[in-house]
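Coordinate inspection notes
Now for the letters of each chain:
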Amino acid sequence: MRPDIVFIGAGGAGLTAAFIIARKRPETRITLFSRDPVVAYSQCGMPFVLDNKIESFDRLILYTPEVFKDLGLDVRTGIAVTGVDLDARAITLEGGETVEYGKLVFSTGSTPFIPPVPGVGLRGVHRLLTLEDGRSLARSIEGAKSAVIIGGGPIGLETAPAFLDRGIEATIVERMPHLMPSALDPDMAVFLEDYLKELGATIITGKGVESINGAGKVESVTVGGETIKADLVLMAAGVKPNVELAKKAGIDIGPAGGIDVDERFRVKKNGKALDDVYAAGDCIEEVNAITGRKVVCAIGTVANRQARFLAEQLMGNDVPYGPVLCPAITVVGDLHVGSVGLTTRACEAAGIKPVSFKARSNTRARYYPGGSQLNIKLIADGERIVGAQLIGKEGVHGRVNQLTLAIHKKMAPSELADMETCYAPPVSPMIDPITYAAEMLALRCKKGKR
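Heads up: these notes are all about the structure in this document. None of these values were measured; they are calculated from a predicted model.

1. Some points on the overall build of the protein chain
On a plain count of helices and strands, the protein chain comes out with twelve helices and 26 strands. Taking 450 residues into account, the globule formula puts the C-alpha radius of gyration at 22 Å, and the protein chain, at 23 Å, falls close to it. Principal-axis analysis of the C-alpha atoms places the extent of the protein chain at approximately 65 × 55 × 40 Å. Burial statistics for the protein chain: of 450 residues in total, 52% are counted as buried. Across the protein chain, contacts joining residues at least 24 apart in sequence account for 63% of those joining residues at least 6 apart.

As structure tokens, then:
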């Protein structure tokens with residue numbers, strides 16, 4: 001019997017949307033296809049298994065096949081979809097089987113970006129996307145003495161302590177001038193870089209990897225003419241939307257490289273939205289709430305939020321999905337790195353003249369034991385808050401959420417400074433760090449200073 005809805009991919013967006021529909025409309029026939037042999041697990045948790053913060057990769061599996069069966073979901077794992085015929089309303093599976101659909105959802109996720117350098121196919125070169133990737137890396141870590149992480153983004157940095165805590169020499173290579181360039185300005189990235197150096201990491205920025213060297217297995221990496229010894233390499237140079245199947249079907253790909261969808265998650269072909277063909281998750285583009293430009297936001301919470309809106313559309317409820325800010329937090333050892341909105345560089349690229357203020361505060365009352373420093377940078381366009389960056393060992397997560405709301409509501413720095421805040425010595429000083437930073441930013445905006 002033809003499924004009512006077919007999902008290509010069973011990750012954060014697709015599987016979550018299927019769960020919602022199955023619970024609200026149990027009569028709906030839903031089939032999901034995934035190339036991965038295991039679905040419904042937390043990719044974000046893998047660095048912390050490697051660092052022994054979580055006891056095993058099995059702990060990351062959130063739902064078993066029995067749960068899918070109980071919900072009436074037909075989840076087919078280890079099967080790749082090789083083609084989509086939009087006119088025939090059918091997909092083709094590896095092996096040649098054809099499956100017709102009523103509605104189709106591309107939830108194909110993202111794939112690691114692998115720089116085109118010699119040696120990427122050597123044994124000992126790893127990525128970190130699937131559970132098997134994590135288990136393979138865990139095996140390689142045992143007995144390793146030196147590692148090179150290619151890329152200064154969240155996945156690589158969160159994994160770095162797994163090497164350093166074992167006494168493995170770790171070198172982080174980022175071709176941009178500083179770590180986490182899409183989330184942090186240089187004057188904030190320095191706090192992260194100093195912390196990693198304290199842990200024992202070597203950091204190379206502003207240089208790209210020229211080659212990965214070895215006879216069958218990794219032995220070294222060449223960066224800027226220098227050869228760095230390495231028993232293993234982690235490719236963590238970011239991800240890109242997995243759009244090849246959609247592109248092959250003639251579906252439009254947007255300027256940021258993701259599937260072009262409208263506010264109802266309908267894909268487009270030759271600029272026209274298609275009824276009954278949707279896409280969601282890391283593979284799509286979204287509208288940035290500040291610039292109005294299309295962006296790709298490969299973050300688990302964003303995919304999960306999309307799933308709620310997508311499910312409503314698939315059930316026939318018109319609930320349009322609005323622009324996004326993509327708030328994020330990265331945990332590197334004991335350090336929390338949070339950001340939302342635009343960096344200074346992103347402001348300038350969007351034609352916005354940024355006005356910023358950077359503050360340092362205690363996370364607790366000065367007399368209460370156990371507090372630490374919290375570094376905050378707020379950015380405005382002269383009238384409203386457009387970006388925020390926070391780095392500290394506590395107090396980051398909740399404040400990023402607060403600032404996300406402030407930016408969505410287009411709050412001026414003075415309005416943010418006037419907001420009521422709660423206080424208790426174990427969790428905050430009397431004047432919240434955001435209040436102080438916003439007050440100072442408001443003064444800068446008033447004076448027209450950068």
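2. Describing the sheet that holds strand S25 (residues 373–380)
The sheet built from five strands is open, its strands ordered S22-S23-S26-S25-S24 with antiparallel pairing. Only two strands of the sheet have a single partner each, and these edge strands are strand S22 (328–332) and strand S24 (355–362). Strand-to-strand twist in this sheet, taken as the mean axis angle between neighbours without regard to direction, amounts to 10°. Here S22 runs beside strand S23 (residues 335–341); their pairing, made up of five bridges, is antiparallel. Residue pairing for S23: Thr-330 is matched across the bridge by Val-337.

3. Examining the pattern of salt bridges
Enumeration over the complete set of coordinates arrives at 22 salt bridges. Note that Arg-29 is salt-bridged to Asp-4, the shortest N-O span being 3.0 Å. Taken together, the residues Arg-29 in the loop between helix H1 (14–24) and strand S2 (30–34) and Asp-4 in the segment before strand S1 (5–8) connect sequence positions 25 residues apart. The partly exposed category is assigned to Arg-29, whose relative accessible area is 34%. Overall, Asp-4 belongs to the partly exposed group, its relative accessible area being 24%. Between Arg-76 and Glu-97 there is a salt bridge, and its shortest N-O distance comes to 3.8 Å.

4. What about the pairing of S23?
Among the seven residues in S23, five count as buried, and that is most of the element. The turn linking S22 back onto S23 is made up of two residues, and Gly-333 within it adopts a positive phi angle of 65°.

5. A closer look at the sheet that holds S1
Spatial ordering of the open sheet is given by S3-S2-S1-S7-S19-S18, a layout of six strands whose pairing is mixed. Lying at the two open borders of the sheet, with one neighbouring strand each, are strand S3 (73–77) and strand S18 (266–269). Averaged over all adjacent pairs, the angle separating strand axes in this sheet is 35°, with direction ignored. Bridge count between S1 and S2: four bridges; the pairing is parallel. When the bridges of S2 are listed, Val-6 appears paired with Thr-31. Set on the sheet, H1 makes contact with S1, S2 and S3; between it and S2 the angle comes to about 165°.

6. Concerning the packing of H1 against helix H8 (residues 300–314)
Two elements in contact, H1 and H8, have axes separated by 8 Å at closest approach and are oriented at 45°. Classified by the angle their axes make, H1 and H8 are oblique. Note that H1 runs across H8; the crossing there is right-handed. Residues Thr-16, Ala-17, Ile-20, Ile-21 and Lys-24 of H1 form the contact with H8, whose participating residues are Asn-304, Ala-307, Arg-308, Leu-310, Ala-311, Glu-312 and Leu-314. Grouping the constituent residues of the contact of H1 with H8 by class yields seven nonpolar, two polar and three charged.

7. With respect to the nonpolar core
Residues Phe-7, Ile-91, Phe-106 and Ile-259 are the most contacted members of the largest nonpolar core, which totals 59 residues. Ala-160, Ala-162, Leu-164 and Ile-391 belong to the second largest nonpolar core, which has 39 residues in total.

8. Concerning the state of the cysteines
Using the criterion set out here, one finds one disulfide in the structure. The disulfide partner of Cys-297 is Cys-326, and the S-S distance across this bridge is 2.1 Å. Separated by 29 residues along the polypeptide, Cys-297 in the loop between strand S21 (294–295) and H8 and Cys-326 in the loop between H8 and S22 bring together distant segments of the chain. Cys-347 provides the cysteine sulfur closest to Cys-445, a residue in no disulfide bond, and the two sulfurs are 11 Å apart.

9. A look at H1
The element H1 is extensively covered by neighbouring structure, given that eight of its eleven residues are classed as buried. Where H1 is concerned, the buried positions are Gly-14, Leu-15, Ala-17, Ala-18, Phe-19, Ile-20, Ile-21 and Ala-22. Those residues of H1 that are buried lie in contact with S1, S2, helix H3 (65–71), S3 and H8.

10. Side note on the side chain of Asp-36
As for its position among the elements, Asp-36 is in the loop between S2 and helix H2 (46–50). Summary of buried charges: Asp-36 has no salt-bridge partner, and the nearest side chain of opposite charge, Arg-127, is 7.9 Å away. A polar contact is formed between the side chain of Asp-36 and the backbone nitrogen of Val-38, at a distance of 3.1 Å. The contacts of Asp-36, once residues within four sequence positions are left out, are Tyr-41, Thr-77, Gly-78 and Thr-130.

11. Considerations on the packing of aromatic side chains
All chains considered together, the criterion is met by five aromatic pairs. Relative to Tyr-321, the ring of Phe-265 lies with its centre 4.9 Å away and its plane at 45°, an arrangement referred to as tilted. In this pair, Phe-265 sits in the loop between helix H7 (244–248) and S18 while Tyr-321 sits in the loop between H8 and S22, placing the two residues 56 residues apart along the sequence. Here Tyr-321 falls in the buried class, since its relative accessible area comes to 10%. Ring plane angle 80° and centroid distance 6.0 Å describe the contact between Phe-357 and Tyr-436, whose orientation is recorded as edge-to-face. Here Tyr-436 lies in helix H12 (residues 433–447) and Phe-357 lies in strand S24, a separation of 79 residues in the sequence. One aromatic cluster in this structure is built from Phe-19, Tyr-63 and Phe-68.

Thresholds applied
- Throughout, a residue's number is its position along its own chain's written sequence, starting from 1.
- This being a predicted model, a pLDDT of at least 70 is required before a residue's local features are given, and a value of 80 or more before pairs of side-chain atoms are given or counted; all residues contribute to the totals for chains, interfaces and linings.
- The side-chain numbers reported here are obtained from all heavy atoms of the structure, hydrogens and water having been left aside.
- Secondary structure elements are taken from DSSP: a helix is a run of H or I of four residues or more, a strand is a run of E of two residues or more, and numbering for both begins at the N terminus.
- For the radius of gyration, the atom set is restricted to C-alpha positions; the globular benchmark scales as 2.2 Å times the number of residues to the power 0.38.
- Only protein chains enter the accessibility calculation, which uses a 1.4 Å probe; a residue whose area is less than 20% of its type maximum is buried, one above 50% is exposed, and one in between is partly exposed.
- Any two residues whose heavy atoms approach within 4.5 Å are treated as being in contact.
- Strands were regarded as paired on the criterion that DSSP finds at least two bridges between them.
- Here an axis means a line fitted to C-alpha atoms, over the contact stretch when the element is a helix, while the angle between two N-to-C directions is reported on a 0 to 180 degree scale.
- The salt bridge criterion pairs a side-chain nitrogen of Lys or Arg with a carboxyl oxygen of Asp or Glu, the two atoms within 4 Å.
- Geometric relationships in this document are graded by angle, where less than 35 degrees denotes roughly parallel, more than 145 denotes roughly antiparallel, 65 to 115 denotes roughly perpendicular, and other angles denote oblique.
- In this scheme, a crossing is called left-handed if the near helix is turned counterclockwise away from the far one by less than a right angle; it is called right-handed if the turn is clockwise.
- Any residue that is not Ala, Val, Leu, Ile, Met, Phe, Trp, Tyr, Cys, Pro, Asp, Glu, Lys or Arg is counted as polar, Gly included; the first ten are nonpolar and the last four charged.
- Residue types Ala, Val, Leu, Ile, Met, Phe, Trp, Tyr and Cys, when buried and joined through side-chain atoms within 4.5 Å, form a set referred to as a nonpolar core.
- Sulfur atoms of two cysteines make up a disulfide when they are within 2.5 Å.
- For the purpose of counting charges, residues Lys and Arg are taken to be positive, whereas Asp and Glu are taken to be negative. His and the chain ends are not included.
- Nitrogen and oxygen atoms within 3.5 Å of one another constitute a polar contact, given that in protein one can donate a hydrogen and the other can accept it, and given that sequence-neighbouring residues count only through two side-chain atoms.
- Ring pairs shown here join Phe, Tyr and Trp side chains whose ring centres sit within 6.5 Å, with only the six-membered ring taken for Trp; geometry is labelled stacked below 30 degrees between planes, edge-to-face above 60, and tilted in between.

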